[in-house]
Amino acid sequence: MANIVAIVGRPNVGKSTLFNRLVEERKAIMASESGTTRDRHYGYATWNGKNFTVVDTGGYVQGSSDIFEKSICEQAKIAIEEASVVLFMVDCQVGITAMDKEVAHILRAADKPVLLVANKADNVDTALMAHEFHALGLGNPYPISAASGTGTGDLLDQVTVYCQDTIEQETDIPKIAILGRPNVGKSSLLNALLGEERSIVTPIAGTTRDAIDTTYNLYGKNFILTDTAGIRKKSKVKEDIEFYSTLRALKALQDADVCIIMIDATLGLEGQDVNLISLAYKYKKGILLLVNKWDLIKKDNHTNAQFKKNIEQELGAHSHIPILFISALHKQRIFQAIEKALEVYTNKTQKISTAALNQTMLPVIERYPPPAVKGKYIKIKYVARLPTHTPVIAFFCNLPQYVQPPYKRYLENQLRKNFNLAGVPVQLVFRKK
Ligand SMILES: Nc1nc2c(ncn2[C@@H]2O[C@H](COP(=O)(O)OP(=O)(O)OP(=O)(O)O)[C@@H](O)[C@H]2O)c(=O)[nH]1
Ligand SMILES: Nc1nc2c(ncn2[C@@H]2O[C@H](COP(=O)(O)OP(=O)(O)OP(=O)(O)O)[C@@H](O)[C@H]2O)c(=O)[nH]1
């Protein structure tokens, strides 16, 4: 089950300030991870050992003030349907507004947990104002200051009560989610696969609104495809549709083993794609990048290689992710894409023996040992793969705390060079021995 936390509330209450505080920003692992808040509508957060995706609804509301109010209410409704927890944010320095009452009215009817967050409680006086929000009928408000962080710990403690534990399930059938921005061609790919592939085993129909899982059999291999393309056709507002499909995609991402991330060849890798890749990586998902609409690109002999090189550069530390050029429309390489995704799954779940690891990595370490730190020599004695679903490689050494990031990158590169780990998130840990 996916953990999605949605922040709703009227403009200017501090939603994006809280969002920035909650999501992990510290490690920019991609060369071009987009930094501006409103480009990043969602992000990965952890607290009390639970992880969840935070969605800032503010990013989805644009345009004139008349559609604004309707949008905020509509997004509150979508958030109730799709999120695990809704944070309804109000402003202590302003007090209850008509808009707050309207949103509260919608949220009171929800059968999902709603936490009332009274922001801008910067000092004792404003914190006292928080009591007024009791009148909204949503229980005790949590007074916080998103700007300084005060009160956010208590709030997060409560958020995690409603989050599921992350269990690394040993799935027998790989689950693949097709993700990407609107219009990249997700539906087209699914339809192409459906049209061509006669051996659909079982369409597991969820409710109409849930992502649809379908079990396929291709070349004797079973896999489940999660369709995230289906959108809420009812709504005519573009932002609502985008918000809704984002929440669905974020859920599918958390539930998948492998994420196929589709981009549009005519647009290239954009900030939002990079954020999605980064999120999938943090959730330790296998990743495959599909460049769709390849038919629209004028090509010569070098186009393919050059395009790939550019993307790899942008991916930085994730340049190991396999990249495939397809045309869903012309059914070019669509089965190859599935085969590749299954390969990533195999890479991700492979057993790497301790013997093979040591045979390969110890000579690599001997050739280029960790540089001494403060005159102390680091000696890595042996290497083992921990019994986890996604590869975690442990290096046992005398001074684990002294191993520096550049050396860790060297080790990761060597691991990737010697074992099939394309598209697989690999975690390196250093233990004292
Ligand atoms: N005093 C105070 N100001 C805050 C706090 N949190 C946010 N602000 C300020 O409130 C203003 C609005 O903050 P945002 O985070 O952009 O609000 P938002 O709800 O995302 O706004 P929209 O983008 O319009 O949806 C900014 O000027 C913030 O600096 C807080 O805890 N205390
Ligand atoms: N030229 C070309 N057009 C494509 C290709 N794949 C999809 N399209 C077109 O791109 C448009 C969007 O395709 P969809 O499959 O609806 O995209 P989607 O990602 O499912 O879109 P959402 O449902 O909005 O998320 C349609 O007009 C498709 O015909 C392709 O490989 N080449």
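Before any of the text, the structure's been laid out above.
Note that this is a predicted model, so its numbers are computed, not measured.

## Details of the sheet that holds strand E2 (residues 42-47)
- The strand order across the open sheet formed by 6 strands is E2-E3-E1-E4-E5-E6, and the pairing between neighbours is mixed. Edge positions in the open sheet fall to E2 and strand E6 (142-143), since each of these has one partner strand only.
- Looking at chain direction, E2 and strand E3 (residues 50-56) are connected through 6 bridges and run antiparallel. Bridge pairing in E3 places Ala45 opposite Phe52.
- Against the sheet, helix H3 (residues 98-108) makes contact with strand E1 (4-8), strand E4 (85-91) and strand E5 (114-119), and its axis sits at roughly 160° relative to E4, the strand it touches most.

## So, the environment of Lys175
- Examined against the element boundaries, Lys175 turns out to sit in strand E7 (residues 175-180).
- Separated by 48 residues in sequence, Lys175 and Phe223 place their C-alpha atoms 6.0 Å apart.
- Ignoring anything within four residues of it in the chain, the contact list for Lys175 reads Asp213, Ile224, Thr226, Asp255, Ala256, Asp257 and Val258.

## Some thoughts on the packing of aromatic side chains
- Enumeration according to the criterion identifies 9 aromatic pairs in this entry.
- Joined through ring pairs, the aromatic side chains of Trp294, Phe307 and Phe325 make up one cluster.

## Observations concerning the site of ligand 2
- The environment of ligand 2 is formed by 16 residues, the closest being Gly185, Lys186, Ser187, Ser188 and Asp295.
- The separation between an oxygen atom of ligand 2 and a polar side-chain atom of Lys186 is 2.7 Å.
- Lys293 has a polar side-chain atom sitting 3.1 Å from an oxygen atom of ligand 2.
- Alone, ligand 2 offers 650 Å² of accessible surface; in the complex the protein occludes 75% of this.
- Among the elements that take part in the shell around ligand 2, helix H6 (residues 186-196) stands out by supplying 3 residues, more than any other.
- Here the shell around ligand 2 is built from residues that sort into 6 nonpolar, 6 polar and 4 charged.

Definitions and cut-offs
- Throughout, residues of each chain are indexed from 1 in the direction in which the sequence is written.
- Labels are handed out in written order, letters beginning with A for the chains and numbers beginning with 1 for the ligands.
- This being a predicted model, a pLDDT of at least 70 is required before a residue's local features are given, and a value of 80 or more before pairs of side-chain atoms are given or counted; all residues contribute to the totals for chains, interfaces and linings.
- The basis for every side-chain value is the complete set of heavy atoms in the structure, and neither hydrogens nor water enter the calculation.
- Strands were regarded as paired on the criterion that DSSP finds at least two bridges between them.
- Secondary structure is summarised from DSSP: a helix means a run of H or I of at least four residues, a strand means a run of E of at least two, and numbering begins at the N terminus for each.
- Every residue pair with non-hydrogen atoms within 4.5 Å of one another is taken to be in contact.
- Orientation is described by axes fitted as lines to C-alpha atoms, over the contacting stretch for helices, and by angles from 0 to 180 degrees between their N-to-C directions.
- When two rings of Phe, Tyr or Trp (its six-membered ring) have centres within 6.5 Å they constitute a pair, described as stacked for plane angles under 30 degrees, edge-to-face for angles over 60, and tilted for the intermediate range.
- Put simply, a residue is near a molecule or strand once any heavy atom of it comes within 4 Å of that molecule or strand.
- Any N or O atom pair separated by 3.5 Å or less is treated as a polar contact, with the protein-specific requirement of one donor-capable and one acceptor-capable atom, and with residues adjacent in sequence counted only for side-chain atom pairs.
- Working definition of accessibility: Shrake-Rupley area with a 1.4 Å probe, residue cover restricted to the visible protein chains.
- Put simply, Ala, Val, Leu, Ile, Met, Phe, Trp, Tyr, Cys and Pro go in the nonpolar bin, Asp, Glu, Lys and Arg in the charged bin, and everything else, Gly too, in the polar bin.

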